[in-house]
Amino acid sequence: MRINEPAVFRWVVIVMVAAVSVVALTLLAGRLVGALWGLVLVIAASWHGIRWVQEKRRGS
Amino acid sequence: MESATVSLGHGHAEEHHGPPEANQSSRIDRQVLGILLFIVSEVMLFGAFFASYFFLRVVVNPATWPPAPYEFPVAIAGVNTAILVSSSFTIHYALEAIRRGNRNGLKLGLVLTWMLGATFLFIQINEYVHIGFSARDLAFGSIFYCLTGLHGAHVFVGLMLLTFATIRAFRGHFGPEPEKHLGVEVPGIYWHFVDIMWIIVFVTVYIL
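Here the residue index of a chain counts from 1 through its sequence in written order. Labels are handed out in written order, letters beginning with A for the chains and numbers beginning with 1 for the ligands. Per-residue local features of the predicted model are confined to residues with pLDDT of at least 70, and side-chain atom pairs are confined, for both listing and counting, to 80 or more; whole-chain, interface and lining totals are unaffected and use all residues. Excluding hydrogens and water, the side-chain figures rest on all heavy atoms present in the structure.

Mind showing me how you'd approach the overall build of chain A here?
Regarding its fold elements, chain A presents 2 helices and 0 strands. In this description the radius of gyration comes from C-alpha coordinates, and the expected globular size is given by 2.2 Å times residues to the power 0.38. Computed over C-alpha atoms, the radius of gyration of chain A comes to 14 Å, more than 25% over the 10 Å expected from 2.2 N^0.38 for 60 residues, which places it beyond the range of a compact globule. Taking the principal axes of its C-alpha atoms as reference, chain A extends roughly 45 × 20 × 10 Å. Counting only residues that meet the buried cut, chain A has 20% of its 60 residues in that class. Only DSSP runs of H or I with at least four residues qualify as helices, and only runs of E with at least two residues qualify as strands; both kinds are numbered from the N terminus onward. Partly exposed describes any residue whose relative accessible area lies between the buried limit of under 20% and the exposed limit of over 50%, with all areas from a 1.4 Å probe on protein chains only and scaled to the type maximum.

Help me out: how do you make sense of the packing of aromatic side chains in this one?
Two measures describe an aromatic ring pair: the distance that separates the ring centres and the angle between the ring planes. Residues and elements named next belong to chain B. Put simply, two rings from Phe, Tyr or Trp (the six-membered ring, in Trp's case) pair if the centres are within 6.5 Å, and we call them stacked under 30 degrees between planes, edge-to-face over 60, tilted for the rest. As enumerated under the stated definition, the model contains 23 aromatic pairs over all chains in all. Ring plane angle 75° and centroid distance 6.2 Å describe the contact between F46 and F193, whose orientation is recorded as edge-to-face. Here F193 lies in helix α6 (residues 182-207) and F46 lies in helix α2 (residues 30-60), a separation of 147 residues in the sequence. Relative accessible area serves as the criterion here: at 1%, F46 is assigned to the buried category. Residue class for F193 comes out buried when judged on its relative accessible area of 6%. With a centroid separation of 5.9 Å and 75° between ring planes, the pair formed by F144 and Y206 is classed as edge-to-face. You can see F144 sitting in helix α5 (residues 138-170) and its partner Y206 sitting in helix α6, a full 62 residues away along the chain. Assigned by exposure class, F144 and Y206 land together as buried.

How do you make sense of the side chain of E42(B) when you look at a structure like this?
Residues and elements named next belong to chain B. Looking at the secondary structure, you find E42 in helix α2. Buried and unpaired, E42 has R168 as its nearest opposite-charge partner, separated by 21 Å. Setting aside residues no more than four positions away along its own chain, E42 makes contact with H154 and F193. Here the positive residues are Lys and Arg and the negative ones are Asp and Glu; neither His nor the chain ends is included. Here, a salt bridge means any Lys or Arg side-chain nitrogen found within 4 Å of an Asp or Glu carboxyl oxygen. Here, residues are in contact when the closest pair of their heavy atoms is within 4.5 Å.

I tried to follow the environment of V32(B) on my own but got confused; where do I start?
Residue and element names in this part refer to chain B. Checked against the element boundaries, V32 lands in helix α2. A residue is classified by how much of its surface remains accessible, and V32, at 2% relative accessible area, is buried. For the pair V32 and I131, spaced 99 residues apart in sequence, the C-alpha to C-alpha distance is 38 Å.

Sorry, what's going on with the interface of chain A and chain B here?
Interface size is commonly expressed as the accessible surface area that is lost when the partners come together. The partner chain B presents 24 residues to the 20 residues of chain A that form the contact. Summed over both partners, buried area is the accessible surface (1.4 Å probe) that two parts give up on being assembled. Summed over both partners, the interface of chain A with chain B comes to about 1,900 Å²; 74% of that surface belongs to carbon and sulfur atoms. Per-residue buried area on chain A facing chain B is highest for E5(A), F9(A) and R31(A); these three make up 32% of the total on that side. For the pair chain A and chain B, the interface holds 1 salt bridge. A salt bridge links E5(A) to R99(B); the shortest N-O distance between them is 3.6 Å. In the analysis that follows, any N or O atom pair within 3.5 Å is treated as a polar contact, provided that within protein one partner can donate a hydrogen and the other can accept it, and provided that, for residues neighboring in sequence, both atoms belong to side chains. For the interface between chain A and chain B, the tally reads 4 residue pairs in polar contact (both at pLDDT 80 or more). Those elements giving two or more residues to the side of chain A that touches chain B turn out to be α1 (5-29) and α2 (31-59) of chain A.

Please explain the pattern of salt bridges as it appears in this structure.
Side chains that differ in sign of charge can pair as their charged atoms come close. Under the defined criterion, the tally for this structure stands at 4 salt bridges over all chains. A salt bridge links R51(A) to E55(A), with the shortest nitrogen-to-oxygen separation between them at 3.8 Å. Linking R51(A) with E55(A), this pair stays in helix α2, spanning 4 residues, or about one helical turn. Salt bridges sharing partners connect three or more residues here, namely E5(A), E96(B), R99(B) and E185(B).

Explanation requested: the packing of α1(A) against α2(A) in the structure shown.
The description of two packed helices rests on the angle between their axes and on the distance between the axes. Residues and elements named next belong to chain A. Where α1 meets α2, the axes come as close as 7 Å, and the angle between the chain directions of the two elements is 155°. Classed by the angle they form, the pair α1 and α2 counts as roughly antiparallel. Of the two elements, α1 crosses α2, and the hand of that crossing is right-handed. Each of W11, A18, S21, V22, L25, T26 and A29 in α1 lies in contact with α2, whose residues at this interface are R31, V33, G34, W37, G38, L41 and H48. For this scheme, ten residues count as nonpolar: Ala, Val, Leu, Ile, Met, Phe, Trp, Tyr, Cys and Pro. Four count as charged, namely Asp, Glu, Lys and Arg, and the remainder, Gly too, count as polar. Here the contact of α1 with α2 is built from residues that sort into 8 nonpolar, 5 polar and 1 charged. Fitted lines through C-alpha atoms serve as axes, helices being fitted only where they are in contact, and the angles separating the N-to-C directions of these axes extend from 0 to 180 degrees. Angles are sorted into four bins: roughly parallel if under 35 degrees, roughly antiparallel if over 145, roughly perpendicular if 65 to 115, and oblique for all others. Handedness of a crossing follows from how the near helix is turned relative to the far one, being left-handed for an anticlockwise turn of less than a right angle and right-handed for a clockwise one.

How do you make sense of α2(B) when you look at a structure like this?
Helical geometry note: an α-helix holds 3.6 residues per turn, so side chains three or four residues apart project in the same direction. To estimate how far a helix should extend, the number of its residues minus one is multiplied by 1.5 Å. With 31 residues, α2(B) extends 44 Å from end C-alpha to end C-alpha; this agrees with the ideal 45 Å at 1.5 Å per step. Buried residues along α2(B) sit in contact with α2 of chain A together with α5 and α6 of chain B. Following α2(B) by one or two positions, N61(B) adopts a phi angle in the positive range, close to 50°.

In this structure, what is going on with the nonpolar core? I would like to understand it.
General note: in soluble globular proteins, nonpolar side chains tend to be found buried as a group. Counting residues in each nonpolar core, the largest one holds 63 residues, and the members touching the most others are F72(B), L106(B), L110(B), F144(B), V205(B) and Y206(B). Those elements that place two or more of their residues in this core are α1 of chain A together with α2, α3 (74-99), α4 (103-130), α5 and α6 of chain B. The element contributing the most residues to this core is α6(B), with 18 residues. Among all residues touching Y206(B), those that are not within four sequence positions of it are F72(B), P73(B), V74(B), A77(B), E127(B), F144(B), T148(B), W198(B) and V201(B). Here, the term nonpolar core denotes a set of buried Ala, Val, Leu, Ile, Met, Phe, Trp, Tyr and Cys residues that are joined through side-chain atoms within 4.5 Å.

Structural data, given as structure tokens:
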């Protein structure tokens, strides 16, 4: 993935969709469930980021 | 011999003046790398504020959040979030327009982004005026104003960058080649970062 404006914009859309899911879950099931779902998303994003960096290092 | 050296030195001086050219990676532009490193430092700054916030929420753990009798204007902040998210779409539109050589689209996108950003800032200041508590009201008030105020300062800086980019766009400075619209792309990346940070601040502070 090349780092430029369209790549960052894609992340805006991803974060927006993730935020909408957290807000929806919070309104439907309560703050604790929403917070836990948010934590799951943060861990998933971190794992994805670490994998991406590792692949980049292997590639270079 | 001496004259040959002098002549070589003179020839070299004619080719290049000043310090040697800085090395540039072919993978990423210097300006883009600069803004990315700046954003990494900004993420750490926001991280410090979020650490204070979560310490207050999780470790101190007040009975209700926000502490009674205070309330957050969630609906207004939600509308403000929609406004700021829209501005990411308009700046993306501006950049897509200049990539296709559409200068009018660039100008329209930049003006719309600036107006949406200014509206966001105006609503946030209005929210501060009417919210009913100040930064002096408990630690919760301090962290609320610190987090949202820090973000507001970033929006203000983004608006300044957009102002320069818009003035340059109206003067016909940008072109469709990647190196000719870096002056919009770099503020665009910064603006997206400000947008992502607000989404996180909004969900964390107002919703959870």
